[in-house]
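Read off the chains here:
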Amino acid sequence: MVGTGRTAAGSEAARFPDLFARVTGRRGFAQFRCVDAVSCADLVSNVNVVPYTASGWVVLVLRDGRPEVPGGTREPGESIEATLRRELMEEAGARLESFRTLGVWDCVSTAEAPYRPHLPHPRFQRLVGVGRVELVTTPTIGDGEDVVEVLTVTLEEAQARFRAVGRGDLADLYGLAAGVADRG
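All figures in this text were calculated on a predicted structure; none of them were measured in a lab.

Visitor: Quick rundown of the nonpolar core? Include the residues and the values.
Guide: Core analysis: the biggest nonpolar cluster contains 30 residues, and W57 and Y174 have the highest contact counts within it. Apart from the residues lying within four places of it in its own chain, the contact partners of Y174 are V50, P51, W57, V58, V59, E68, V69, L155, A158, Q159 and F162.

In structure tokens form, the structure reads like this:
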């Protein structure tokens, strides 16, 4: 399910500068790069899915009004595909129909220990892809997540929502996803 065949082109970084910008925070840094497949599943600690349906792009709305993209942390022994499916159901009430890898954020943590004991540390990856989904139920979140609404919007509206809250990286991610999504 985690596909193969595409690599990053310099033009993608030029078209989506916010996505490809190195992010430095108080606990390390991250850098996005396009890949078609995960080279080492053991390095993947988190997953994200840019979901779409036949009628538009799915955006989560958090309690504080911020937009978000579905995703989260792998559980001990959980496959990448199982994490994708679980996170989509928990956060969006969506069933994954197809998935195509877009890339990874290569991350380095400066924290003394991993976020959870089973996760790779200090180097890890956050996998992200685009997925066709079917919205089938209300989110089934239990673990403190704050999703209050699941919207289906145009690509332009999704990008505008992310840019309005300073998340140009996620606006760019939706743009990249739109360019490679299998909309047929």
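Visitor: Provide a residue-level description of the packing of aromatic side chains, including the pertinent values.
Guide: Going through the model one piece at a time under the given rule, you end up with five aromatic pairs. Ring geometry for Y52 against W57: centres 5.1 Å apart, planes inclined by 45 degrees, an arrangement best described as tilted. Residues Y52 and W57 agree in their burial class; the two are buried. Here a set of aromatic residues connected by ring pairs shows up, and it is made of Y52, W57, F162 and Y174. The ring of F29 carries R22 above its face, with NZ or CZ at 3.6 Å from the centroid.

Visitor: Any chance you could break down the pattern of salt bridges for me, citing the residues and the numbers?
Guide: It is possible for side chains bearing opposite charge to pair when their charged atoms get close. A full pass over the atoms with the stated rule returns 14 salt bridges. In this structure, R95 and E134 form a salt bridge, with 2.0 Å as the shortest nitrogen-oxygen distance. Placement of the pair is R95 in strand 7 (residues 94–109) and E134 in strand 8 (residues 123–135), with a sequence separation of 39 residues. Looking at R95, the relative accessible area reads 41%, which means it is partly exposed.

Visitor: Describe in detail the confidence of the model for the protein chain, supporting the description with residues and values.
Guide: Residue-level pLDDT values for the protein chain average 91, and 91% of them are 70 or greater. Long-range and interchain partners of residues 1–8, a stretch whose pLDDT sits below 50, account for 29 contacts in this model, where long-range means more than four residues apart.

Visitor: I'd love a proper account of the environment of C34, names of residues and values included.
Guide: Counting through the fold element by element, C34 comes out in strand 2 (residues 28–34). The buried category is assigned to C34, whose relative accessible area is 5%.

So, how was this worked out
- Residues numbered from 1 in each chain as written.
- Predicted model: local features only at pLDDT ≥ 70, side-chain atom pairs only at ≥ 80, totals over all residues.
- Heavy atoms only, no water.
- Core = buried A, V, L, I, M, F, W, Y, C linked by side-chain atoms within 4.5 Å.
- Buried < 20%, exposed > 50% of the residue type's maximum accessible area, 1.4 Å probe, protein only.
- Contact = heavy atoms within 4.5 Å.
- Phe/Tyr/Trp six-rings, centres within 6.5 Å; stacked < 30°, edge-to-face > 60°.
- Lys NZ or Arg CZ within 6 Å of the ring centre and 35° of its normal.
- Salt bridge = Lys/Arg side-chain N within 4 Å of Asp/Glu carboxyl O.
- Helix = DSSP H or I, 4+ residues; strand = E, 2+ residues; numbered from the N terminus.
- pLDDT = per-residue confidence, 0-100.

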